[in-house]
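Below, each chain spelled out in residue letters.
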Amino acid sequence: MKIQDSTFLIEVRPLLKRLISELSKDYKYVSILGTDVSGKSYTVLTTGVSISDSNWTERGFVVRAFNDSIYSEYSFNELTEENFHRVLDNIRKETEKSLKNCKERGFRTGNYPCVVEERVEKHFNGNVAVPLESSSPSEIIEKLTSIKDRAYEYTDLLVNFMAAYEGVKVSKLFLSPNKDLMQSYMWSQGYVYGIVRKGNVTRYGYKSYSGLKGTELIDEMSKDVKEVVDKAVMLLDAVPIEPGLYDVICSPEVAGLIAHEAFGHGVEMDMFVKNRAKAVEYLNKPVASKLVEMHDGARAAEEVSSYLFDDEGTLGTDTTIIKDGVLLTGISDLLSALKLGTKPTGNGKRESFERKAYARMTNTFFSPGKDTLEEMIASIEHGYLLEDYYSGMEDPKNWGIQCMIAYGWEIKNGKFTGKIVSPVVMTGYVPDLLQSISMVSGELRLSGSGACGKGHKEWVKVSSGGPYIKAKARLG
């Protein structure tokens, strides 16, 4: 079913256009982003049930105006005939105040040129099988409760189990003198999570789900309950890994974590402007083995960060970051592109209409290759198949990377030994890790559960993934 546009945005659209017309008399460039995002989160635990509004919920507007040499922004959440002139006056007042402050305090605002836009009118409505409003809260809770109850059929060691679902409908419009864009779509994410205990040992297993989907995602979750419970029980017998340098096979989820941390954050081009990205030194140079191709883009894949246009009105793209092992380009928001003299890639994203737009990842992934998982396993003398992860972090200035991986299966002489190690910390220097990639499988999986922060804040939805990749990595 097609996701309907926001009535709120449609009704206020004539006033927004009038606002742009008025402001265009004073400023060379004016744009407005309008957002109406709503959703619900449902969680069923052994110990209780909760329903809440999604944390992604927002409704409001942000105006951007080019004033002399700087871009100023003003956000608000209501525009009516009654408050129209007050909002207009406030935008003018705050915009002039920003310019005055910059000049009085001697801020170096740089030489940002004015945005030059071609005329674009586009409209996108996503489709899902079951929109959120078609499922009642009681139906959703009933399905999640069934998943939780079924988990207890598989082991007596289970001490807690969680089944959680979140559905979010996104409607946004972007207006400027030359652009008239609107998009409405829905994404969902879900988790099944089981905690088991034997004696003094407690472990957990999980699986996450995501996509441009409606509540049909819950049916996908119900298929893997036993797998999640079995994984948690399996980890009760896991042992610490002997630190060292190993041949490893990274699952698509772990490969996605590497893509995200290594060359996602590392090529966000607002860091190029701030001279805080080592990637600048490697543009058009080899950074990975020739088997490596990596993409990012709202149109590069169908996942939670796929959209028609970003929060600055730039149409989504498919950016090839690495091809044949050579770093080709970064991913950019509009203002960074203006500063660098490059073309924006549709990666300008905001946590909400009240927050600044930064260069952010969308769907980031390694491209598939031609090897098979079986061939990769058979090729390893002593190493590990690494699966699932807890977290990751990177240092874009020095290209260090750290990945917290859930567990690894030991491989000796091309066969699994049955030994499981957990948890596993992968560390290293990004080019060394990527240069060591020697095999790439043919499948491709992306996941977009969770969120990505810029530093410790500015959360946005992203997805990442890839095929199985074989590399050499330092584990501990």
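Residues numbered from 1 in each chain as written. Predicted model: local features only at pLDDT ≥ 70, side-chain atom pairs only at ≥ 80, totals over all residues. Heavy atoms only, no water.

As annotated in an unreviewed UniProt entry, the chain is Zn-dependent protease from Kosmotoga arenicorallina S304.

Asker: Describe in detail helix α6 (residues 252–263), supporting the description with residues and values.
Answerer: The terminal C-alpha atoms of α6 lie 16 Å apart, and with 12 residues this matches the ideal 16 Å at 1.5 Å per residue to within 8%. For α6, the tally of buried residues reaches 11 of 12 residues, placing the bulk of the element in the interior. Those residues of α6 not exposed but buried are Pro252, Val254, Ala255, Gly256, Leu257, Ile258, Ala259, His260, Glu261, Ala262 and Phe263. (Helix = DSSP H or I, 4+ residues; strand = E, 2+ residues; numbered from the N terminus. Expected span 1.5 Å × (residues − 1). Buried < 20%, exposed > 50% of the residue type's maximum accessible area, 1.4 Å probe, protein only.)

Asker: I'd love a proper account of the nonpolar core, names of residues and values included.
Answerer: Counting 48 residues, the largest nonpolar core has Ile258, Phe263, Phe366, Met426 and Leu475 as its most contacted members. With seven residues, the single largest contributor to this core is α6. Not counting the four nearest positions on each side in its chain, Phe263 is found in contact with Ile258, Val287, Met294, Ile321, Ile322, Leu327, Trp399, Val430 and Leu434. In terms of nonpolar packing, the next biggest core, distinct from the first, is built from 26 residues, Val44, Ala151, Phe161 and Ala232 among them. (Core = buried A, V, L, I, M, F, W, Y, C linked by side-chain atoms within 4.5 Å. Contact = heavy atoms within 4.5 Å.)

Asker: Can you lay out helix α1 (residues 7–23) for me, pointing to particular residues and giving the numbers?
Answerer: Along an α-helix, a turn takes 3.6 residues, which lines up residues three or four apart on a common side. Between its first and last C-alpha atoms α1 spans 25 Å; for 17 residues at 1.5 Å apiece the expected length is 24 Å, and the two agree. Along α1, the largest kink reaches about 45° and is centred on Arg13; proline Pro14 follows within four residues of it. Buried within α1 are the following residues: Leu9, Val12, Leu15, Leu16, Leu19, Ile20 and Leu23. Of the surrounding secondary structure, the elements contacted by the buried residues of α1 are β1 (29–45), β3 (58–67), β4 (70–76), α2 (84–105), β6 (158–175) and β7 (179–198). Two to three positions downstream of the cap, the backbone nitrogen of Phe8 sits 3.2 Å from a side-chain oxygen, assigning the N-cap of α1 to Ser6. (Bend = angle between axes of the 7 residues up to and from the residue. Polar contact = N/O pair within 3.5 Å; in protein donor to acceptor, adjacent residues only side chain to side chain.)

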